[in-house]
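Read off the chains here:
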Amino acid sequence: MIEVIEALSEVTPAQPIAETTTSIYGAQLTRRGFLKTGGSLAVGFSLIRSGIARAEAVDNTTIRAFDAALVETWIEIHPDNTVSFRTGKSDFGQGTVYTAYRQIVAEELDVPFESITTVFTADTDTTPEGGGTFDLLGRGTPNIKKAAAYARQALMQLASEKLGVPKEQLTVESGVVSVTAESGVVPNAGKSIKYGELVKGQNLKLTIPVVGELTSIFGLNVTGNPPMKPVSSYKVVGKSFKNSIIPTKVTGKELWVTNVRLPGMLHARVVHPSTLGSTLVSAGVVDKKKYPNAQVVVKGNLVAVVSPDEWEAIQAASQVAEQTKWSEWKSLPTPAKLYDHLRNESDWKSAPVAKGRKNTGDAAAVLQSSTKTLTATYAMPFLKHAPIGPTMALADYRPDGTVTVHGHTQNAQALRGQIAMMLGTTVDKVVIKTYPGAGHYGRSNGGNAGAEDEAVILSKELGKPVRVQWMRNDDMQWSTQSPAAYADVKIGLDANNRISSYQIEHYMPAGQDDRLIGAVLAGLPTMPAPSEKGGILNNTANGPSDPWMYDQVPNLAELCYGTYQVGQKASPLAIGLRDHTMRTPGQFQQNFPREVAINDAAALAGADPIQFRLDHAKDQRMMNTLRRLREEHGWESRPSPSPAAASTGSAPIRGQGISVMLRSNTYWACACQIAVTPDTGAIKVERMTIVSDPGIVINPEQLKRQVEGGAVMGVSIALHEEVAFNESGITSENWYSYPILTMNEIPDVKVVLIHNPEAGIYGQGSEAPNALASPAIAAAIFDATGKHARKLPFRPEYVKQMMKA
């Protein structure tokens, strides 16, 4: 928008006219004058404060000063009928902002998809709303949809004035507004005008109402209710348009974050403490004979080595690390005692206990009189987000107190707020620019991925641009992780083998620690560590995240317990095992035990797992999804375990398993077929079928690719992934000590999409599949062997133990 405003200011008005304003369903359409050339309709926003809409005048001379009420446009209509679209969301490989978002905007504007020629993403000075790159079709969609709807209504208003007919007698198709042919008595009947002609030579600004906090994790929300197109008239949504950023990526033309360079910049490597609770005793000294251009920077417990040459910085940091002394610290539990520690030594009382939204009846009392009962515990380990490329950032701190950070974040505006807090300055002094990079899977949805603040601190200390890149071991050992969790389940069956009572207690440490680790080490301001007094995101409370789907169960009790992060209180730095949301956050930790337990209950009832679910469900979308899965997967309807099940032998034995989930208005069902070899514990997932009903399918091919990616990640989590640690810190440091799925292990994945426009919603598309595999594979292991798999991951050593149990 800065470029646009500047461009507009360079042209001279043909003749000054008084500014006029027209109300468009609560938005304000402002005309400031005619231009000799150019012209546009720009859709910006003003914040609603105290419930009152406030239209702000944009002064071109102050546009660079940060003020949420003076910022950028979402959509620009140009005289050549092209459209520019801006979103504060990043692209992390999902492609949603280049496909689904463009389609939604094109649909509401009623222009061809190809008309949107430019997409701007996630730059704090050139894109509008903040908010994390998550729930893109949930929280994110209303903003762009409403912005486009306001713009469409403004264009119709302009056309009405131009053609001299009421808006009700106009139609629009492919960016051309026409007077309806049947209105023969109306002047100009049958005439038409393009959007570009409506804005040509004019200086138009549409200010739309917005609420929220720009630098919060959720950003701003567009308010009001402009008329939307009915789903039945959609022409762009529902088609498989190609992801427009792919060609520049595969041809090497895209500027990736790791390739960003500034004149005179220094490279840095951070020497992180030896443990998650160590403080600095003494920093090592650079061997100047070997590394003449390197130097050590120390600020509090933050130690770094910088050099104009990156390889010298790497080597010198390794040498300095050997000489640097840290205090000892050993207060984490051993891995073997993790779940005992969580159960017996964690504080589950300080945070309030949350109850399930559908709790009903008296589950505990009914359990006592049940014909059959199931009592079991299910456990999940710490997981890394594990981006293929370690975190990196380039910061340029200037003498005037401004700083620009070049990085790769899921939430540029939130990072802006965090950096400003650390520096003790205002957000207008901070600019965040984002570039393509490795996937983060939720790690930076609160703003930082790890290196950004360290780069800023070093740049300020040295007065030069500094590029910090973590080494692989830094990324594994000093980034956050998805929290470990366990759940206790009790299920009662009645005389008809139906569930009469279901009880589950979920236990999980705080899952969103967005503190800047560099600021923590340097002793600079950052947000508080998670506690029972924290806000919505840094609280230790654990809420219900997995919507209950078995509405025929008469007695239900879901309870959720939260606590501090493991080691947080014991660490002198208040660090410990820092946790953060990862794909399907919280719901994964709750869905795995629930779905495995439902499979276990079906076996206890002697029922087929799919039919058992159908017998306890009411929701038709869920039931249709299950029936479609049964058909598409070629499901063998029978109880588990299989008649051929065996827990000994060197030959592979096959089994089938299922899981379901409701996430952000999308219904999911997954079936896995596996082969397990009892004597070796090796598991091969041979094929997966995933059926999804998201409501309106926006871009079938793009959604299919997203589901496939999530499914592969899910298999990796189920078979391999677990953070290794000892009493001092994380010992996973590379892909050998934190293995992930290899190419030859990828199963055949079949994705079935149910286009359900009657639902009238865009359900979430890409995240849930990563959580579907684990419970389905656990059920398949039981089907193949008759042995219950209730703790992740299903590595060979654990599987062999199961076979002997």
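Above this note sits the structure.
Rules used throughout
- Residues numbered from 1 in each chain as written.
- Predicted model: local features only at pLDDT ≥ 70, side-chain atom pairs only at ≥ 80, totals over all residues.
- Heavy atoms only, no water.
- Pairing = 2+ DSSP bridges.
- Helix = DSSP H or I, 4+ residues; strand = E, 2+ residues; numbered from the N terminus.
- Axes fitted to C-alpha atoms, helices over the stretch in contact; angles between N-to-C directions.
- Buried < 20%, exposed > 50% of the residue type's maximum accessible area, 1.4 Å probe, protein only.
- Contact = heavy atoms within 4.5 Å.
- Salt bridge = Lys/Arg side-chain N within 4 Å of Asp/Glu carboxyl O.
- Parallel < 35°, antiparallel > 145°, perpendicular 65-115°, else oblique.
- Left-handed = near helix turned anticlockwise from the far one by under 90°.
- Nonpolar A, V, L, I, M, F, W, Y, C, P; charged D, E, K, R; others polar.
- Phe/Tyr/Trp six-rings, centres within 6.5 Å; stacked < 30°, edge-to-face > 60°.
- Polar contact = N/O pair within 3.5 Å; in protein donor to acceptor, adjacent residues only side chain to side chain.

Chemist: What is the right way to read the sheet that holds strand β29 (residues 666-677) from this model?
Modeler: Pairing between sheet strands relies on hydrogen bonds along the backbone, with the strands arranged either parallel or antiparallel. If you trace the four strands from one edge of the open sheet to the other, you get β28-β29-β30-β31, paired in mixed fashion. Looking at strand neighbours, the two that pair on one side only are β28 (653-663) and β31 (748-755), the edges of this open sheet. Across the sheet, the axes of successive neighbouring strands diverge by a mean angle of 15°, strand direction being ignored. Of the strand pairs in this sheet, β29 and strand β30 (residues 682-695) are connected by 11 bridges, and their pairing is antiparallel. Note on β30: the bridge partner recorded for Tyr667 is Asp693.

Chemist: Would you explain the sheet that holds strand β27 (residues 556-563) in this entry?
Modeler: As summarised here, the arrangement of the five strands in space is β17-β27-β26-β25-β18, forming an open sheet in which the pairing is mixed. The sheet is open, and its two edges are formed by β17 (354-355) and β18 (372-380), each paired on a single side. Of the strand pairs in this sheet, strand β26 (residues 499-509) and β27 are connected by eight bridges, and their pairing is parallel. Bridging across to β27, Glu505 finds its partner in Leu559.

Chemist: Is there a simple way to explain the environment of Pro793 in this structure?
Modeler: Within the secondary structure, Pro793 sits in the loop between α17 (769-785) and α18 (796-804). Its relative accessible area of 5% is what places Pro793 among the buried residues. On a C-alpha basis, the gap between Pro793 and Ser240 in space is 36 Å, while along the polypeptide they are 553 residues apart. The contact partners of Pro793, leaving out residues within four places of it in the chain, are Pro381, Ile717, Ala718, Leu719, His720, Glu721, Glu722 and Tyr798.

Chemist: What is the right way to read the pattern of salt bridges from this model?
Modeler: Should their charged atoms come close, side chains of opposite charge can pair. Applying the stated criterion across every chain, the model contains 29 salt bridges. Its salt-bridge partner being Asp783, residue Arg638 comes within 2.7 Å of it at the nearest N-O pair. Taken as a pair, Arg638 in the loop between α15 (620-633) and β28 and Asp783 in helix α17 lie far apart in primary sequence, 145 residues in all. Take Asp783: its relative accessible area is 0%, and that puts it in the buried class. Several salt bridges converge on common partners, so that one network encompasses Glu107, Asp110, Arg152 and Lys229.

Chemist: Sorry, what's going on with the packing of helix α2 (residues 100-109) against helix α3 (residues 140-163) here?
Modeler: Any two packed helices are characterised by the angle at which their axes cross and by the distance between the axes. Between α2 and α3, the least distance of the axes is 8 Å, while the angle of their chain directions is 30°. Relative to α3, the element α2 lies roughly parallel. Two packed elements cross with a definite hand, and for α2 against α3 that hand is right-handed. Mapping the contact onto sequence places Tyr101, Ile104, Val105, Glu108 and Leu109 in α2 and Gly140, Thr141, Ile144, Lys145, Ala148, Ala149, Ala151, Arg152 and Leu155 in α3.

Chemist: Just to check I follow, could you spell out the packing of helix α9 (residues 412-423) against helix α10 (residues 452-462) for this structure?
Modeler: It is at 11 Å that the axes of α9 and α10 come closest, and there the two elements cross at 40°. Looking at the two axes, α9 sits oblique to α10. Once α9 is placed against α10, the crossing between them reads as right-handed. Seen from α9, the contacting residues are Leu415, Ile419, Met422 and Leu423; seen from α10, they are Glu452, Asp453, Val456, Ile457 and Lys460. Residues belonging to the contact of α9 with α10 are distributed by class as follows: six nonpolar, no polar and three charged.

Chemist: It is not clear to me how the packing of aromatic side chains should be interpreted in this structure. Could you clarify?
Modeler: By convention here, two paired aromatic rings are described through the distance between centres and the angle between planes. Going through the model one piece at a time under the given rule, you end up with 11 aromatic pairs. Geometrically, the ring pair formed by Tyr507 and Tyr561 is stacked, given 4.7 Å between the ring centres and 10° between the ring planes. With a gap of 54 residues between them, Tyr507 in strand β26 and Tyr561 in strand β27 connect regions that are remote in the sequence. Centre to centre, the rings of Phe794 and Tyr798 are 6.5 Å apart; their planes meet at 15°, and the pair counts as stacked. Of the residues examined, Phe794 reaches a relative accessible area of 2% and is grouped as buried. Accessibility expressed as a relative area gives 17% for Tyr798, which makes it buried.

Chemist: Explain the environment of Ser274 to me, please; I cannot follow it from the model alone.
Modeler: Relative to the elements of secondary structure, Ser274 occurs in the loop between β12 (266-271) and β13 (280-282). C-alpha of Ser274 to C-alpha of Ser728: the two residues are 454 residues apart in sequence and 8.3 Å apart in space. One polar contact links Ser274 to Ser278, side chain to side chain, over a distance of 3.3 Å.

Chemist: Just to check I follow, could you spell out unusual backbone geometry for this structure?
Modeler: What is expected of a backbone is that most residues other than glycine have negative phi and most peptide bonds are trans. In this model, Ser640 is joined to Pro641 through a cis peptide bond whose omega is 0°. On the secondary structure map, Pro641 appears in the loop between α15 and β28. At the junction of Leu792 and Pro793, the peptide bond is cis and its omega measures out at -5° in the coordinates.

Chemist: Honestly, the pairing of β27 in this entry has me stumped. Any pointers?
Modeler: Two faces make up the sheet, and in a regular strand the side chains alternate between them. Counting buried residues along β27, six of its eight residues qualify, which places the element largely inside the surrounding structure. Here two bridges tie β17 to β27, and the two strands are oriented antiparallel to one another. For Ala354, the partnering residue across the bridge sits in β27 and is Cys560.

Chemist: Even after reading the chapter, I still don't get the side chain of Gln94, so can you show me in this structure?
Modeler: Among the structural elements, Gln94 can be located in the loop between β5 (83-87) and α2. Since its relative accessible area comes to 18%, Gln94 is described here as buried. If we skip the residues at most four places from it in the chain, Gln94 touches Thr133, Leu136, Gln702 and Gln706.

Nothing here speaks to function; it is all geometry.
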